[in-house]
Amino acid sequence: MSDPALDTLVLPLETGAVELADKSRVLFLRARAGRALAALADANLVCEQSFAPDRDALQKAGLKVDAETEADGFDAVLVLPGRQRQEARAQLARAVSKTRPGGIVIACAPNTEGAKTLESDLQDLLGSAEKMTKNKCRVVWSDVSDDSLNTSLLAEWLTLDAPRPVLDGAFVSRPGVFAWDRIDPASRLLADQLPATLKGRGADLGAGFGYLTRAVFEKAPKVTSMDLFEAEKRALDLAEQNLAAFKGLRTMNGIWSDVTQGIEGPYDFVVSNPPFHQAGKADRADVGQGFIRSAARGLRPGGEFFMVANRHLPYEHTLGEVFADVKQLADEGGYKVIRAVKRQGGTVTCVL
């Protein structure tokens, strides 16, 4: 797949607007794999990525990947900031903090996802910024100089995405995580539809900061264990904190992985509010379809799958292919809740 932001990010290197010496120490924050990384072939490159599908792609390309890099003093730091404003500023500040004096920070964002703000933010931090535009994206860069660095702003922005209590202290979350400061209405609707009779071993696919798993534990006393599958490690770390009250009472495992690549089992039941966006804003029904297939493979025969999705997303055909007794439990507020049972043989029925 094309990656316009990544292609534009390396444009200053490809055109010679920015020159790096061979074997320069380069850090790439929120790194993604792609042919554009050939521009960094001569660099000593370290990639930081906490999102499992991108981590897996980088590792497949033979690149070194850390979930969080402790080293600093890099000659150059590249970053593809997230869309959430506080998170993006924290990532930009982190890029500056990881760069040695005299080094360079390069950042890029799509025009529709805060490119102008990114340029302004880099100027505010470092005193100036160069730019190029291409692929409907903007890449900006600047040297890090002690003389022009806004140290107070840097310190402020470094904490913008720090974990904090939300929802009157009921949960801990942080900017950039899905629905970070609220309970997603789709997840709430799913939680309301879950039966108190759930029991045994369960899994939460796309667990986020732990809301659904906590709802399962609070509602269904016969559930003995839950595996939390989550692609974003920052969210999974939060889920561990949000479920601390159940430690020693229920078995819990956090699994940092791409659910579409499969899950371990067998499970008695699975719950999920699948994501339908990755990078960018376009709907990605294939991600949810991958969740459905993984759930079917991970369930024992007769096991139950409960999912919620936006009403318009086309999941029914996939559900009918891999599950029996597919039934819609709720249709409310633009969302649908579906229960499906793994087949044990015989015909498939679908009631929607």
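Reading the values: the criteria
Residues numbered from 1 in each chain as written. Predicted model: local features only at pLDDT ≥ 70, side-chain atom pairs only at ≥ 80, totals over all residues. Heavy atoms only, no water. Domains from an automatic or database assignment. Contact = heavy atoms within 4.5 Å. Buried area = accessible area lost by both parts, 1.4 Å probe. Salt bridge = Lys/Arg side-chain N within 4 Å of Asp/Glu carboxyl O. Polar contact = N/O pair within 3.5 Å; in protein donor to acceptor, adjacent residues only side chain to side chain. Helix = DSSP H or I, 4+ residues; strand = E, 2+ residues; numbered from the N terminus. pLDDT = per-residue confidence, 0-100. Core = buried A, V, L, I, M, F, W, Y, C linked by side-chain atoms within 4.5 Å. Buried < 20%, exposed > 50% of the residue type's maximum accessible area, 1.4 Å probe, protein only. Pairing = 2+ DSSP bridges. Axes fitted to C-alpha atoms, helices over the stretch in contact; angles between N-to-C directions. Expected span 1.5 Å × (residues − 1). Phe/Tyr/Trp six-rings, centres within 6.5 Å; stacked < 30°, edge-to-face > 60°. Parallel < 35°, antiparallel > 145°, perpendicular 65-115°, else oblique. Left-handed = near helix turned anticlockwise from the far one by under 90°. Nonpolar A, V, L, I, M, F, W, Y, C, P; charged D, E, K, R; others polar.

1. Considerations on the domain arrangement of the chain
Here the domain parsing of the chain yields domain 1 (4-159) and domain 2 (164-342). Contact with domain 1, which involves 17 residues of that partner, is made by 15 residues of domain 2. Both faces combined, the contact of domain 1 with domain 2 buries some 1,300 Å², and carbon together with sulfur accounts for 51% of it. Inspection of the domain 1/domain 2 interface yields two salt bridges. Across the pair Arg30 and Glu232 runs a salt bridge, and its minimum N-O distance is 3.3 Å. Summed over the shared surface of domain 1 and domain 2, the result is six residue pairs in polar contact (both at pLDDT 80 or more). No other element matches the four residues that helix α3 (residues 52-60) contributes to the side of domain 1 that touches domain 2.

2. With respect to the confidence of the model for the chain
The share of residues in the chain with pLDDT of 70 or more is 95%, and the mean pLDDT across the chain is 94. Confidence drops under a pLDDT of 50 for residues 346-352, and excluding neighbours within four residues, the segment shows 17 contacts in the predicted structure.

3. Some points on the nonpolar core
Counting residues in hydrophobic clusters, the biggest one holds 35 residues, and the most contacted among them are Val223 and Met226. Taken together, the elements giving at least two residues each to this core come down to α7 (185-193), α8 (211-219), β11 (222-230), α9 (233-242), β13 (267-272), β14 (299-310) and β16 (335-341). Sorting elements by how many residues they give to this core places α8 first, with five residues. Setting aside anything within four residues of it in sequence, one finds Val223 in contact with Leu198, Lys199, Gly200, Val216, Phe217, Arg250 and Phe269.

4. Remarks on the sheet that holds strand β7 (residues 137-143)
Overall, mixed pairing links the seven strands, which are arranged β3-β2-β1-β4-β5-β7-β6 in an open sheet. Two strands bound the open sheet, and with one partner strand each, they are β3 (65-66) and β6 (130-134). Bridge analysis of strand β4 (residues 74-79) against strand β5 (residues 99-110) gives five bridges, and the strand direction is parallel. Looking across to β5, one finds that Leu78 is bridged to Ile106. Along the sheet, helix α4 (residues 85-97) contacts β1 (25-29), β2 (44-48), β4 and β5; its crossing angle with β5, the most-contacted strand, is approximately 155°. Packing of helix α5 (residues 115-126) onto the sheet brings it into contact with β5, β6 and β7, and relative to β7 it is tilted by some 5°.

5. Focus on the environment of Asp286
Residue placement: Asp286 occurs in helix α10 (residues 285-298). Classification of Asp286 as partly exposed rests on a relative accessible area of 41%. Each C-alpha atom of the pair Asp286 and Val177 lies 21 Å from the other, and the pair is 109 residues apart in sequence.

6. Brief notes about α10
Counted at 1.5 Å a residue, the expected span for α10 with its 14 residues is 20 Å, and the 20 Å between its end C-alpha atoms agrees. Taken as a whole, α10 has its buried residues at Ala285, Val287, Gly288, Gln289, Gly290, Phe291, Ile292, Ser294, Ala295, Ala296 and Gly298. Buried residues belonging to α10 abut β10 (199-205), β13, β14 and α11 (316-322).

7. Points about the pattern of salt bridges
Overall, the coordinates contain 21 salt bridges when judged by the stated rule. Put simply, Asp237 and Lys233 hold a salt bridge, and the shortest N to O gap is 3.2 Å. Taken as a pair, Asp237 and Lys233 lie in helix α9 at a separation of four residues, close to a single helical turn. Put simply, Arg300 and Asp268 hold a salt bridge, and the shortest N to O gap is 2.8 Å. Within this pair, whereas Arg300 is found in strand β14, its partner Asp268 is found in strand β13, the two being separated by 32 residues in sequence. Given the relative accessible area of 33%, Arg300 is considered partly exposed. Among the ionic contacts, a cluster of salt bridges with common partners joins Glu87, Asp161, Arg174 and Arg234.

8. Topic: the packing of aromatic side chains
Scanning the entire structure with this criterion turns up five aromatic pairs. With a centroid separation of 6.2 Å and an interplanar angle of 55°, the aromatic rings of Phe171 and Tyr211 are classed as tilted. One end of the pair, Phe171, is in strand β9 (residues 171-173); the other, Tyr211, is in helix α8, with 40 residues separating them in the sequence. For the pair Phe171 and Tyr211, a shared accessibility class is recorded, and that class is buried. A ring pair is formed by Phe305 and Phe323, whose centres lie 5.5 Å apart and whose planes are at 10°; its orientation type is stacked.

9. A word on the packing of α4 against helix α6 (residues 151-158)
Where α4 meets α6, the axes come as close as 8 Å, and the angle between the chain directions of the two elements is 125°. Compared by their axis directions, α4 and α6 come out oblique. For α4 against α6, the interelement crossing comes out left-handed. On α6, the residues touching Arg89, Ala90, Ala93, Arg94, Val96 and Ser97 of α4 are Leu154, Trp157 and Leu158. Residues that form the contact of α4 with α6 fall into these classes: six nonpolar, one polar and two charged.

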